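As a plain string of letters, each chain reads:
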Amino acid sequence: MAEVKKIMVAVDDSECSHYALQWALSNLHLYGSDVSLVVFHAQPLAVFNGAATMGVTYSELIETIVNQQRQVSEAILARAKEMCAQKKCDCRDCVRNRGS
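Residues numbered from 1 in each chain as written. Predicted model: local features only at pLDDT ≥ 70, side-chain atom pairs only at ≥ 80, totals over all residues. Heavy atoms only, no water.

(A) Quick look at the nonpolar core. Residues Val9, Val11, Leu21, Leu25, Leu37, Val39 and Cys84 are the most contacted members of the largest nonpolar core, which totals 16 residues. Once residues within four sequence positions are removed from consideration, Leu21 is found in contact with Val9, Val11, Leu37, Val39, Ala80, Met83 and Cys84. (Core = buried A, V, L, I, M, F, W, Y, C linked by side-chain atoms within 4.5 Å. Buried < 20%, exposed > 50% of the residue type's maximum accessible area, 1.4 Å probe, protein only. Contact = heavy atoms within 4.5 Å.)

This is how it looks when you write it as structure tokens:
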């Protein structure tokens, strides 16, 4: 059984990262047929000042931030998956929170 090569492309909401993904998709054939593409998005570490909560409890604030980060990640990865689909490439996605 041939070894499956894995190529990882990190994406964020910048055009540069989407250009890198486009480049990877256009050049996957150079690595043969046994290639797995992983699209990665690292969520930024949420930093906030406790004095700026405006009456919201700490747990509510954390929940709001986590939900917002999840929505941003989903949107970024949806765009990346659309780019993969246009090139008829099946990709896996991976999200990691920098804090974990």
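(B) Up close: the side chain of Asn27. Position of Asn27 among the secondary structure elements: in helix 1 (residues 15-27). From its side chain, Asn27 meets the backbone oxygen of Trp23 in a polar contact 2.7 Å long. (Helix = DSSP H or I, 4+ residues; strand = E, 2+ residues; numbered from the N terminus. Polar contact = N/O pair within 3.5 Å; in protein donor to acceptor, adjacent residues only side chain to side chain.)

(C) The arrangement of the pairing of strand 1 (residues 5-10) in detail. Bridge count for strand 1 against strand 2 (residues 35-43) is six bridges, and the pairing is parallel. Among the inter-strand pairings, Ala10 is bridged to a residue of strand 2, identified as Phe40. Crossover connection from strand 1 via helix 1 to parallel strand 2: handedness right-handed. (Pairing = 2+ DSSP bridges. Right-handed = clockwise from strand over helix to strand, strands pointing away.)

(D) Spatial organisation of unusual backbone geometry. One non-glycine residue with positive phi stands out, namely Lys88, at about 55 degrees. Note that Lys88 resides in the loop between helix 2 (58-86) and strand 3 (91-97).

(E) Examining the confidence of the model for the protein chain more closely. Per-residue pLDDT for the protein chain has a mean of 80; in total, 77% of the residues score no lower than 70. Across the protein chain, element-level confidence peaks in helix 1 with a mean pLDDT of 93 and bottoms out in strand 3 with 67. (pLDDT = per-residue confidence, 0-100.)

(F) Region of interest: helix 1. With 13 residues, helix 1 extends 18 Å from end C-alpha to end C-alpha; this agrees with the ideal 18 Å at 1.5 Å per step. Turning to helix 1, its buried residues number three or more, namely Ser17, His18, Leu21, Ala24, Leu25 and Asn27. Where helix 1 is buried, its residues contact strand 1, strand 2 and helix 2. (Expected span 1.5 Å × (residues − 1).)

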